Amino acid sequence: MGILIEISESLQRGDFENVTALTERAVADGVSAKEILDAGLIAAMDTVGERFRKHEIFLPDVLLAAKAMYAGMDVLKPLLADADVPSRGKVVIGSVRGDLHDIGKNLVGIMLRGAGFDVIDLGNDVAPERFVDAAADEGAGVIGMSALLTTTMPAMKAVVELVEERGLSDDVKTIVGGAPVSADFAREIGADAYGFDAANAVVRVKELMDIS
Ligand code: B1M
């Protein structure tokens, strides 16, 4: 669909004003939020990542693209989050220690809120102790971790181990996700679940909390 390509191209150029306008227009034209997200915004970020890897574009371009991604997400947020759902439990989320990527983590937060969970978002570069302290203090049933760098993935294991060390494994379940993370990796480090995207994270969190 033409408008999704236009959104993608504007995002890749970092033209956040155009991304806002085009996303609003796509919504008004009846394109679903999921389609705009998957085929417009996320697809564009994948291209940005690929071009960055090939040194065709540089860090400031990626930052501008991220700003444009947030502009699009801002338009879609009310459509992804359904305000009137009663609370289904608490989930602590964050990007793991050393990781400053937060777009995917924020999407997970939006979708979880939309599904009725209370989300405590610790932000990015979150130390293992902060994840576990927050879960214990808030009585959260799930810790959700995001990592976008292969170098920060080991921090997920540290959180899983800390949950165990503190004897919280029965009450606090862990879910991991992010581009370099896989189901195999989740199993390897002893995490309770793996979410391949934000919508799937909601499905997995519901399973962890025994909600159908
Ligand atoms: Co960076 N970066 N970055 N970056 N960046 C990647 C990840 C990279 C793959 C680019 C590349 O080289 N092709 C590469 C990592 C290589 C690797 O480790 N193998 C990379 C690098 C190298 C770096 C720096 C080291 C660059 C440098 O400084 N030289 C640096 C590191 C900073 C740090 O974290 N310490 C860096 C910095 C940045 C910016 C700050 C410029 C910016 C981030 C801005 C921000 O987040 N506010 C940035 C960006 C934007 C990217 C790319 C281009 C896009 C990431 C993104 O937001 N995607 C990325 C390339 C790529 O991934 N294609 C890249 C869109 C987002 C919706 O997807 O986060 O994957 P994602 O989330 C998905 C799923 O993964 C899943 O759901 C979402 C979809 O619904 N998901 C979960 C995510 N978390 C989940 C948690 C769950 C479940 C599902 O359960 C809890």
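Structure's up top.
Anyway, here's the lowdown on the structure attached to this text. (Residues numbered from 1 in each chain as written. Predicted model: local features only at pLDDT ≥ 70, side-chain atom pairs only at ≥ 80, totals over all residues. Heavy atoms only, no water.)

### Overview of the site of the ligand
Selection rule: Each residue is tested against the molecule or strand, and it is near if at least one of its non-hydrogen atoms lies within 4 Å. Polar contact criterion, stated in full: a pair of N or O atoms within 3.5 Å, where within protein one must be able to donate a hydrogen and the other to accept it, and residues adjacent in sequence count only if both atoms are side-chain atoms. To qualify as a helix, a DSSP run of H or I must reach at least 4 residues; to qualify as a strand, a run of E must reach at least 2; elements of each kind are numbered from the N terminus.
With respect to spatial proximity, 35 residues lie near the ligand, and among them G49, L100, H101, D102 and S146 are the closest. The contact in question runs from a nitrogen atom of the ligand to an N or O atom on the side chain of H101, over 2.8 Å. With respect to the ligand, the backbone of A198 contributes an N or O atom lying 2.9 Å from an oxygen atom. Going through the elements one at a time, helix 3 (33–53), helix 4 (59–80), helix 5 (103–114), strand 3 (142–146), strand 4 (173–177) and helix 9 (198–208) are the ones with two or more residues in the shell around the ligand.

### Overview of the pairing of strand 2 (residues 118–121)
So the rule is basically this: For two strands to pair, DSSP has to find at least two bridges joining them. Note on handedness: a clockwise path from strand one over the helix to strand two, with the strands aimed away from the viewer, defines a right-handed crossover.
Strand direction decides the pairing type here: strand 1 (residues 90–95) and strand 2, joined by 4 bridges, are parallel. Paired with V91 across the two strands is V119, which belongs to strand 2. Regarding topology, helix 5 serves as the crossover connection from strand 1 to the parallel strand 2, and that connection is right-handed.

### Let's talk about the sheet that holds strand 2
The condition is simple: It only takes one pair of heavy atoms within 4.5 Å for two residues to be counted as in contact. Axis definition: a line fit to C-alpha positions, over the contact stretch in the case of helices; interaxial angles, taken between N-to-C directions, run 0 to 180 degrees.
Spatially, the 5 strands line up as an open sheet ordered 2-1-3-4-5, and their pairing is parallel. A strand with exactly one partner marks an edge of an open sheet, and here the two such strands are strand 2 and strand 5 (193–194). The sheet contacts of helix 6 (residues 128–138) involve strand 1, strand 2 and strand 3, and relative to strand 1 the element is tilted by about 165°. Contacts between helix 9 and the sheet are confined to strand 1, strand 3, strand 4 and strand 5, with strand 4 contributing the most and set at about 165° to the helix.

### Side note on helix 5
Heads up, the condition is: Helices are assigned an expected span. That span is 1.5 Å times one less than the residue count. Exposure is judged per residue with a 1.4 Å probe applied to protein chains only, and the accessible area is read against the type maximum: over 50% gives exposed, under 20% gives buried, and values in between give partly exposed.
With 12 residues, helix 5 should cover 16 Å at 1.5 Å per step; its first-to-last C-alpha distance of 16 Å lies within 8% of that length. Counting buried residues along helix 5, 9 of its 12 residues qualify, which places the element largely inside the surrounding structure. All of the buried residues in helix 5 are I103, K105, N106, L107, G109, I110, M111, L112 and G114. For helix 5, the elements touching its buried residues are helix 3, helix 4, strand 1, strand 2, strand 3 and helix 9. Taken from the residues just after helix 5, G116 is the one with a positive phi, measuring 100°.

### A look at the pairing of strand 3
Burial runs high along strand 3: 5 of the 5 residues are buried. Neither face of strand 3 is open: one carries V142, G144 and S146, the other I143 and M145, and all of them are buried. Here strand 1 pairs with strand 3 via 5 bridges, running parallel. Considered in strand 3, the bridge of V91 is made with V142. Direction of pairing for strand 3 relative to strand 4: parallel, over a ladder of 5 bridges.

Such coordinate-based values are descriptive only and should not be taken to indicate function.
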